[in-house]
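Reading the structure
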Amino acid sequence: MNILPLLDAAKTIWLSTHKSADGDGLGSEIAFYHALKNRNYSVKIIHNDPVPERYHFLLGSIEVLDSNKIDKNIFSPQDLTFIFDTHDPKLCSPLFGFLQETQSKIFFVDHHVVFEKKLDNVGYHIDENASCTGEIVLELIKEINGVVDQNIATALYTSLLFDTQSFKLLRNPVKIFNMAKELILAGASHNLIHSILFDNWSINKMNYLSRLIHQVTYINNDTAIINITKADLNEFSLNTDDVSDLVDLFMSVKSLKTSIVVREDAYNYFKLSFRSRSKEILSWARVFGGGGHLYSAGAWVNDSAENILKKINVLIDTKK
């Protein structure tokens, strides 16, 4: 696709990602920010919640505006907003609502399974075959004749390394390893980025894991249900980003086919994460209004823990 006419027609280009931003969404967003800045576009970043601390190395001096603290009238119909690593409006609140009210154009760039909705002033660029959103963004940068400098390479390598879980989950290995080679040659440091993303456990997190291991519920030795409470996070001085990788950690258990995290973020408000080796799990997330990939999906849910666990147990029973 040719996005140059969209960029050239925009008064201001806004960039964002889903709430609880991760390495793929942020890496994609920051890379595109540098590419646009290098071509002298007027570009700004705006989020619906704070950037997790471990990704601050990507920001440098970049200002990230808070959609909860701005006047929605800063947006205009002449503006263009790219939202990376999701195409679900529910994960972009309150920003998405502001953009719709002000008739600003929105463009989702994503690699999750498509469920496009017909919404005013909304476009989509989705490639389900991409291993990460950064893979798509690299192509977009090349389409606008952008040069992949060290800043862009570092951001895209963060996207790639995070969403493939350090090259464990690849849809097209040859393409991804060629992408990795290109980014490293452009200045991305594999050792540095890998260390920041994965070698960042605190003693508190390790102590919490020791407790959590004894609290996990195993069903038929092939499914793990992992409950993470707000009280436990507070006790161990952990935030939600600190425990975002635990759902994947439990998939290291050889007998497990599925792991499910039920993480309490607030009273009757939970983040669900589903992982599977080979069993389609996307439909499980969609029961809770979520989405994602066939074998990796999630949802944010307003409900009691008791009701959520009942629904999960029904899903497990019906999918045996």
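Predicted model, so just to flag it, every value in this text is computed and none were measured.

1. Section: the sheet that holds strand β11 (residues 291-292)
The strand order across the open sheet formed by 6 strands is β7-β8-β9-β10-β12-β11, and the pairing between neighbours is mixed. Sheet topology places β7 (217-219) and β11 at the edges, where each strand pairs with a single neighbour. In terms of strand pairing, strand β10 (residues 269-276) meets strand β12 (residues 296-302) through 7 bridges, oriented antiparallel. Bridge pairing in β12 places phenylalanine 274 opposite alanine 297. Contacts from helix α13 (residues 305-318) reach β7, β8 (223-228), β9 (258-266), β10 and β12 within the one sheet, and its direction differs from that of β8 by about 170°.

2. Brief notes about the pairing of β10
Where burial is concerned, most of β10 is hidden: 7 out of the 8 residues are buried. Where β9 and β10 come together, 8 bridges link them in antiparallel fashion. In the sheet register, glutamate 264 faces β10, and the bridge partner there is phenylalanine 270. The loop that links β9 with its antiparallel partner β10 comprises 2 residues; one of these, asparagine 268, has a positive phi angle of about 55°.

3. Quick word on the sheet that holds strand β6 (residues 122-126)
Strand order in the open sheet made by the 6 strands is β3-β2-β1-β4-β5-β6, with parallel pairing throughout. Sheet topology places β3 (64-66) and β6 at the edges, where each strand pairs with a single neighbour. On average, each strand axis in the sheet is tilted by 25° relative to the strand beside it, whichever way the strands run. Running over the sheet, helix α2 (residues 23-38) touches β1 (13-17), β2 (43-47) and β4 (80-84) and is turned about 160° from β2. Contacts from helix α5 (residues 133-143) reach β4, β5 (105-110) and β6, with the element oriented near 120° to β5.

4. Topic: the pattern of salt bridges
Here the structure, examined in full by the defined rule, presents 13 salt bridges. Here aspartate 232 and arginine 211 are joined by a salt bridge, their closest N and O atoms 2.9 Å apart. Here the residue aspartate 232 occupies a position in helix α10 (residues 230-235), and arginine 211 occupies one in helix α9 (residues 203-213), the gap between them amounting to 21 residues. A network of salt bridges, in which partner residues are shared, links Glu135, Glu139 and Lys175.

5. Focus: α2
Under the 1.5 Å per step criterion, the end-to-end length of α2 is 22 Å for 16 residues, consistent within 8% with the ideal 22 Å. Counting buried residues along α2, 14 of its 16 residues qualify, which places the element largely inside the surrounding structure. Between the side-chain oxygen of the N-cap and the backbone nitrogen of aspartate 24 there are 3.1 Å, and the N-cap of α2 in question is aspartate 22.

What counts, and where the lines are drawn
Residues numbered from 1 in each chain as written. Predicted model: local features only at pLDDT ≥ 70, side-chain atom pairs only at ≥ 80, totals over all residues. Heavy atoms only, no water. Pairing = 2+ DSSP bridges. Helix = DSSP H or I, 4+ residues; strand = E, 2+ residues; numbered from the N terminus. Contact = heavy atoms within 4.5 Å. Axes fitted to C-alpha atoms, helices over the stretch in contact; angles between N-to-C directions. Buried < 20%, exposed > 50% of the residue type's maximum accessible area, 1.4 Å probe, protein only. Salt bridge = Lys/Arg side-chain N within 4 Å of Asp/Glu carboxyl O. Expected span 1.5 Å × (residues − 1). Polar contact = N/O pair within 3.5 Å; in protein donor to acceptor, adjacent residues only side chain to side chain.

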